Amino acid sequence: MRVVLTSIFIVLFSQPVMAQSNLDRFKIPLFTAESLDVNDLGFGKEDTQSNFKLQKDLEERTRMLQNHQLWGLVSVAAMGAALLSGGEGNLPPEHPFLAGLALGTYSVSAYYALAAPDRPEGASYGQLNLHRWLAWIHLPGMILTPVAGYLAAKQYEKNEPLTGLAAQHKNIAGITAITLAISAALVTFEF
Amino acid sequence: MKFLMFSLFLFLCLPVWSSQYALEKSHINYTVKYTFKTVHAKTEKARGKGVCEKGSCQFLVAVPVKEFNSGDSSRDVRTLEVTKAALHPLVKFNVTVPEGNLKSDFKSDVEVELAGVKQTLKDIPFTVKKDGNQFSVSSKFAIQLTKFKIERPKLLTIPIDDEVPIDFTSTWSVK
């Protein structure tokens, strides 16, 4: 009886202090239902600490990419209208205006994409990859199209047959418009 | 002498009488529904622990929001933004259940912490399968984004569904 009572006494009064130091020595964490915490799960600091700058960057990124999307859609519409207004031989007066509108809105859209804060670490995947890859086609296309258009207009004025880059104005514009439309669709129907 | 040995035995062994569980592997899947589209995101990077004491067991599972992969990095970054993952990087699930209930399927409340907001989901069913020293636990439940003060992303001005079903499977081992 004395053994049992003494044992209970030891267990009840020695454990909280002694057991903790004992366990610390053997690196065995003592968890209790009250103390179970995410810090016990072994996450790194980057997974548990708040990062106010990152949150601000994420919000800014969303705002800028929404603008990128909006201006990109306007650019697709203007590009489509410019394509439809283009003619053979006689240059319709609205064509340069619509082409200029497409170039201007495209530039604004590109600015928002390039100026948006970078995404957090890690490679991009999914439709965003294709969206980015298509920029390697429509960006040069958007630069070449007005140059080729200007050359074509000059050659038309002189009643010369279209040659060189000028002869490719329509093709370059068509490819640019198609890739731009696909690129916009990839991110428009995504949330 | 016997008395001393017995006392020493009790002294050394009692701290580990409270059984502990470690999450060996897990699969958490959430589904986002939209009028024209359904998206699944998954992760296997959750960490968890469980401890049983005085007949009651507490299980804590946590996973960084950034570890969920929905197949599109743009969407996943947007998820980080709307869930304020930079401020509250982890989504946490907390379950307290009587120890005896672990032997078979049980129902329990689940406290979910997401975007810095805690919500308790009532009477969530859990399926338990024991296999030697390990046991698997799975469950399905749903959270409402608005209850976590999460602004729902929109597509063509229509927001995604408020309800997000979560599918959870896990394997635990007794330590």
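Computed from a predicted model, the values in this text were never measured in an experiment.

Regarding the overall build of chain A
Along chain A, the regular secondary structure elements total seven helices and zero strands. Start at the N end of chain A and walk to the C end: the helices and strands fall as α-α-α-α-α-α-α. Burial analysis of chain A (191 residues in total) assigns 34% to the buried set. For chain A, restricting intrachain contacts to residue pairs at least 6 apart in sequence, the fraction spanning at least 24 positions comes to 72%. If you sum the accessible surface of chain A, you get close to 11,800 Å²; carbon and sulfur atoms cover 66% of it.

Focus on the pairing of strand β11 (residues 163–174) of chain B
Residue and element names in this part refer to chain B. Where strand β1 (residues 20–34) lies against β11, nine bridges are found, and the strand directions are antiparallel. Counted as the bridge partner of N29 is D167 from β11. The pairing of strand β8 (residues 134–144) with β11 spans eleven bridges and is classified as antiparallel. Looking at the pairing, S138 lines up with T169 of β11.

What about the packing of helix α4 (residues 94–115) of chain A against helix α5 (residues 127–157) of chain A?
Residues and elements named next belong to chain A. The interhelical angle for the contact between α4 and α5, taken along N-to-C directions, is 145°, at an axis separation of 11 Å. Here α4 runs over α5; the crossing is left-handed. Residue-level inspection shows A102, L103 and Y106 of α4 in contact with α5, the latter providing H138, L139, M142 and P146. Of the residues in the contact of α4 with α5, the class split is six nonpolar, one polar and no charged.

Examining the state of the cysteines
Residue and element names in this part refer to chain B. For the coordinates displayed, the defined rule picks out one disulfide over all chains. Note on cysteine connectivity: C52 is disulfide-linked to C57, with sulfurs 1.9 Å apart. Handedness of the C52-C57 disulfide follows from its S-S torsion of about 105°: it is right-handed. With relative accessibility at 2%, the residue C52 sits in the buried group.

Rules behind the numbers
- Along each chain, residue indices are assigned from 1 in the same order as the chain's sequence is written.
- Each chain takes a letter, starting from A, and each ligand takes a number, starting from 1, following the order in which they are written.
- In view of the model being predicted, local features appear only for residues whose pLDDT reaches at least 70, and side-chain atom pairs are presented and counted only at 80 or more, with totals across whole chains, interfaces and linings using the full set of residues.
- To obtain the side-chain values, all non-hydrogen atoms of the structure were used and water was disregarded.
- Every helix listed is a DSSP run of H or I at least four residues long, and every strand listed is a run of E at least two residues long, numbered separately from the N terminus.
- Here's how the labels work: a residue is buried when its accessible area is under 20% of the maximum for its type, exposed when over 50%, partly exposed in between, all with a 1.4 Å probe on protein chains only.
- For this analysis, residues touch if any pair of their heavy atoms sits within 4.5 Å.
- Per-residue accessibility takes into account occlusion by the displayed protein chains alone, with areas from the Shrake-Rupley method and a 1.4 Å probe.
- Here, a strand pair is defined by DSSP locating no fewer than two bridges between the strands.
- Working convention: axes come from line fits to C-alpha atoms, limited for helices to the stretch in contact. Angles between N-to-C directions cover 0 to 180 degrees.
- Helix crossings are classified by the rotation of the near helix relative to the far one: an anticlockwise turn of less than a right angle makes the crossing left-handed, while a clockwise turn makes it right-handed.
- Here the term charged refers only to Asp, Glu, Lys and Arg, the term nonpolar to Ala, Val, Leu, Ile, Met, Phe, Trp, Tyr, Cys and Pro, and the term polar to all other amino acids, Gly among them.
- Any pair of cysteine sulfurs within 2.5 Å is marked as a disulfide.

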